[in-house]
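# Observations on the three-dimensional arrangement
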Amino acid sequence: MAPKKRPETQKTSEIVLRPRNKRSRSPRELEPEAKKLCAKGSGPSRRGDSDCLWAGLAGPQILPPCHSIVRTLHQHKLGRASWPSVQQIGAGGSITGLKFNPLNTNQFYASSMEGTTRLQDFKGNILRVFASSDTINIWFCSLDVSASSRMVVTGDNVGNVILLNMDGKELWNLRMHKKKVTHVALNPCCDWFLATASVDQTVKIWDLRQVRGKASFLYSLPHRHPVNAACFSPDGARLLTTDQKSEIRIYSASQWDCPLGLIPHPHRHFQHLTPIKAAWHPRYNLIVVGRYPDPNFKSCTPYEMRTIDVFDGNSGKMMCQLYDPESSGISSLNEFNPMGDTLASAMGYHILIWSQEEARTRK
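In the annotation of an unreviewed UniProt entry, the protein is listed under the name DNA damage-binding protein 2 and assigned to Macaca fascicularis. For the protein, the Pathway (unreviewed entry) comment in UniProt is given as "Protein modification; protein ubiquitination." Check the Sequence similarities (unreviewed entry) section of the UniProt entry for the protein; it says "Belongs to the WD repeat DDB2/WDR76 family."

Now the structure itself:
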């Protein structure tokens, strides 16, 4: 059965912008202050806490600006306690994946172009190296961690996926894709369920208990373009994929081999741009993704802004758009906190925090 393709998003709702200050300001003063700008539209179908940032999407809203995380961290560093810093790797050592250690939040797992996937603390101490390529031609592009099964999974740039336990013992190392593995994700409810995404234009779903080789996948989900990400929903019942062109797909556990629907959305790949990845809201049936306007996209309008778009996960309808005129870069990565009332957006040298808590304190 052919997937139901949703019409390209028509941005009929209004985006309200915070006016710039009249006087000129220094670069230090121009540090971005994020703000939440909502568009008209109906709220999400899933019920939840009314205090959530996204609970009141029924009408247009303008919330006061929130602090940039850069400013917040700077103020914290100048306060009583010193903020921990991590030694940088240097040129060519980009971090490609980052996960807090679920058993110790003072530690984190990181995969990098340095050719390692490792566990370290915020003082820069390397506690354990889980995988090392020992060559400049192979590096690790993705990772995920499960606390319940005590597993670490990481993928590299030639299609290999390595599964290890948290003690560092390698369980298997197999070539699961023909090309770079851009994303690996363990199902939050069934952590033996693994999804892998690749630039070979496929997403594959695996049962870790039955992996015997590259042909032992449960499902292979072909795409028209290379794939940046494949993320399970918080309830584990759906899968969200983001390609490198203009398509977001939603799959359901009831029928993995056919997407429930397609959301046309401009987020094309560019060599020097962090790959854009759509993400789920942790409590609502909402999807958030950064927009990279494409003049070849059918519904593109002149002077289209680089917004952060929020979609309803059922209908594919755009619920609202976020935009900061003083930080108009492309938001490649967007991550909610566990409660879902704060969103962190990464764009270039800036990380913006969008939070309703800030709005409440200003009322």
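### Some details on the overall build of the protein
Check the secondary structure of the protein and you find two helices and 25 strands. Here the protein holds 363 residues, and 50% of them are scored as buried. Total accessible area computed for the protein in this model is approximately 18400 Å², and 52% of it derives from carbon and sulfur atoms.

### Concerning the nonpolar core
If you look at the biggest cluster of nonpolar residues, it comprises 16 residues, and the most contacted ones within it are L240 and I287. Residue assignment for this core shows that the elements contributing at least two residues are β15 (227-232), β17 (247-252) and β20 (286-290). Counting residues in each nonpolar core, the second largest holds 14 residues, with Y284, L286, L352 and W354 among its members.

### Notes on the side chain of Q107
Checked against the element boundaries, Q107 lands in strand β4 (residues 104-112). Excluding anything up to four places from it in sequence, Q107 contacts F100, N101, L119, Q120, D121, F122 and L127.

### So, the sheet that holds strand β11 (residues 181-186)
If you walk across this open sheet you meet the four strands as β11-β12-β13-β14, and the pairing is antiparallel. With one partner strand each, in any of the chains shown, β11 and β14 (219-222) form the two edges of the open sheet. Direction aside, neighbouring strands of the sheet carry axes that sit 15 degrees apart on average. Here strand β12 (residues 193-198) pairs with strand β13 (residues 202-207) via five bridges, running antiparallel. Its bridge partner lying in β13, A197 is registered against V203.

### A look at a positive patch on the surface
Taken together, the side chains of R175, K178, K179 and K214 define a basic patch exposed on the protein surface. Its location among the elements puts K214 in the loop between β13 and β14.

### Digging into the pattern of salt bridges
In the structure shown here, the tally under the stated rule is seven salt bridges. Notably, a salt bridge pairs R209 with D207, separated by 3.0 Å at the nearest N-O pair. For R209, a relative accessible area of 51% puts it in the exposed group. With a closest N to O distance of 3.1 Å, E304 and R291 form a salt bridge. Of this pair, E304 sits in the loop between β20 and β21 (308-312) while R291 sits in the loop between β20 and β21, and the two are 13 residues apart along the sequence. Residue classification places E304 among the buried residues on the basis of a relative accessible area of 13%.

### A look at unusual backbone geometry
What you tend to see is this: most non-glycine residues have negative phi, and most peptide bonds are trans. Phi at R150 is positive, roughly 55 degrees, even though this residue is not glycine. Position of R150 among the secondary structure elements: in the loop between β7 (140-146) and β8 (151-156). Under the relative-accessibility criterion, R150 is labelled partly exposed at 40%. A positive phi angle, near 55 degrees, is found at Y303, a position not held by glycine. Looking at the element boundaries, Y303 is found in the loop between β20 and β21.

### Some details on the environment of C189
Secondary-structure assignment places C189 in the loop between β11 and β12. It is 9.6 Å that separates the C-alpha atoms of C189 and S233, two residues lying 44 residues apart in sequence. If we ignore the near neighbours within four places in the chain, the residues touching C189 are P234, D235 and G236.

### Looking at the pairing of β4
Sheet topology places strand β3 (residues 95-101) next to β4; six bridges connect them, and they run antiparallel. Paired with G97 across the strands is S111, a residue of β4. Where β3 hands over to β4, the hairpin turn is made up of two residues, counted between the paired strands. Direction of pairing for β4 relative to strand β5 (residues 116-121): antiparallel, over a ladder of five bridges. Paired with S111 across the two strands is T117, which belongs to β5. Hairpin remark: β4 followed by β5, antiparallel, with three residues in the connecting loop; positive phi at G115, about 100 degrees.

### Focus: the sheet that holds strand β25 (residues 350-355)
Strand order in this open sheet of three strands is β23-β24-β25, and the pairing throughout is antiparallel. Strands with a single pairing partner mark the edges of an open sheet, and in this sheet they are β23 (333-336) and β25. For this sheet, the mean inter-axis angle between neighbouring strands, taken without regard to orientation, is 20 degrees. Bridge count for strand β24 (residues 342-347) against β25 is six bridges, and the pairing is antiparallel. Looking at β25, one finds that T342 is bridged to S355.

Definitions and limits used
- Residues numbered from 1 in each chain as written.
- Predicted model: local features only at pLDDT ≥ 70, side-chain atom pairs only at ≥ 80, totals over all residues.
- Heavy atoms only, no water.
- UniProt positions renumbered as here; feature names shortened; annotations may be inferred.
- Helix = DSSP H or I, 4+ residues; strand = E, 2+ residues; numbered from the N terminus.
- Buried < 20%, exposed > 50% of the residue type's maximum accessible area, 1.4 Å probe, protein only.
- Areas by Shrake-Rupley, 256 points an atom, 1.4 Å probe, with all protein chains shown as cover.
- Core = buried A, V, L, I, M, F, W, Y, C linked by side-chain atoms within 4.5 Å.
- Contact = heavy atoms within 4.5 Å.
- Pairing = 2+ DSSP bridges.
- Axes fitted to C-alpha atoms, helices over the stretch in contact; angles between N-to-C directions.
- Patch = residues over 30% accessible without salt bridge, like charges linked within 9 Å, V, L, I, M, F, W, Y side chains within 5 Å.
- Salt bridge = Lys/Arg side-chain N within 4 Å of Asp/Glu carboxyl O.
- Lys, Arg positive; Asp, Glu negative; His and termini not counted.
- Charge placed at Lys NZ, Arg CZ, Asp CG, Glu CD.

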